[in-house]
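Summary of the model geometry
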Amino acid sequence: MTIGIMNGPNLGRLGKRVPEVYGSETLTDLEERLRGAFPGAKLEFFQSNHEGALIDCLERWHGSGIRDVVLNAGALTHQSYALRDALEGLELRFVEVHISNVYRREPFRAHSLLAPVAVGQISGLGLRGYELAVRFLLDV
Ligand code: DQA
């Protein structure tokens, strides 16, 4: 079983972007952290600022047999019907992750278009959220 770890717009700048909200660790740190925490697991990583590139990647992953995804779609969480349709249409089992607690921030962040088709959601636990999501997908 391979798990896809997908990050959407602006998450490529993790570590530099609003560190008081998103912390000082980078996407490379996240990858090292997950590979270290789950040495036996097959993990694939992808980040893009583009909605279509994310959907293309989901289709590619689906084609190669990946059915489990940890997804931080960034702001696309709140606005992308296309990403939601892709996740639903490909019947992917995914955990929606947010580094920050989206319910304590601006009201627009409290609405997720993706959550209704996700297996669950983790919000506000920092990078630990990705780790817990991988643990869940491996266990269940
Ligand atoms: C985020 C929260 C989103 O509202 C925001 O647009 C992001 C990051 C988070 O990880 O907390 O880009 O998904």
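What counts, and where the lines are drawn
- Residues numbered from 1 in each chain as written.
- Predicted model: local features only at pLDDT ≥ 70, side-chain atom pairs only at ≥ 80, totals over all residues.
- Heavy atoms only, no water.
- Axes fitted to C-alpha atoms, helices over the stretch in contact; angles between N-to-C directions.
- Helix = DSSP H or I, 4+ residues; strand = E, 2+ residues; numbered from the N terminus.
- Left-handed = near helix turned anticlockwise from the far one by under 90°.
- Contact = heavy atoms within 4.5 Å.
- Nonpolar A, V, L, I, M, F, W, Y, C, P; charged D, E, K, R; others polar.
- Buried < 20%, exposed > 50% of the residue type's maximum accessible area, 1.4 Å probe, protein only.
- Arc of directions from axis to C-beta.
- Near = heavy atom within 4 Å.
- Polar contact = N/O pair within 3.5 Å; in protein donor to acceptor, adjacent residues only side chain to side chain.
- Areas by Shrake-Rupley, 256 points an atom, 1.4 Å probe, with all protein chains shown as cover.
- 1 Å grid on protein atoms, 1.4 Å probe; cavity = no way out; pocket = protein on both sides within 12 Å on 5 of 7 lines; lining within 4 Å.
- Sits in = over half its atoms within 2 Å of the grid points.

1. Comments concerning the packing of helix α2 (residues 27–37) against helix α5 (residues 128–139)
Look at α2 against α5: their axes get within 10 Å of each other, and the N-to-C directions meet at 35°. Crossing hand, α2 versus α5: right-handed. Mapping the contact onto sequence places L30, R33, L34 and A37 in α2 and R128, Y130, E131 and V134 in α5. Among the residues forming the contact of α2 with α5, the class breakdown is five nonpolar, no polar and three charged.

2. Some words on the environment of F136
Note that F136 resides in helix α5. Taking the relative accessible area as the measure of exposure, F136 reaches 32% and is therefore partly exposed. Put simply, F136 and G120 are 16 residues apart on the chain and 9.9 Å apart in space, counted from C-alpha to C-alpha. Not counting chain neighbours up to four residues away, the residues in contact with F136 comprise R93, V95 and V119.

3. What to know about unusual backbone geometry
Unlike most non-glycine residues, N10 shows phi in positive territory, near 75°. Looking at where N10 falls in the secondary structure, it is placed in the loop between β1 (2–7) and α1 (19–22). The exposure class assigned to N10 is partly exposed, which follows from its relative accessible area of 42%.

4. Structural notes on α2
Among all positions in α2, only L27, L30 and L34 are buried. Within α2, the buried residues cover an arc of 50° as seen down the axis, which keeps them to one side. The exposed residues of α2 that point more than 90 degrees off its buried face are E32 and G36. Buried residues along α2 sit against β1, β2 (42–47) and α5.

5. Concerning the site of the ligand
Every residue close to the ligand is listed here: R17, Y22, N72, G74, A75, H78, H98, I99, S100, V102 and R109. The contact in question runs from an oxygen atom of the ligand to an N or O atom on the side chain of S100, over 2.6 Å. In the model, an oxygen atom of the ligand is placed 2.8 Å from a nitrogen or oxygen of the R109 side chain. Within the complex, the protein chains bury 99% of what would otherwise be the 320 Å² of accessible surface of the ligand. Structurally, the ligand is housed in the largest cavity.

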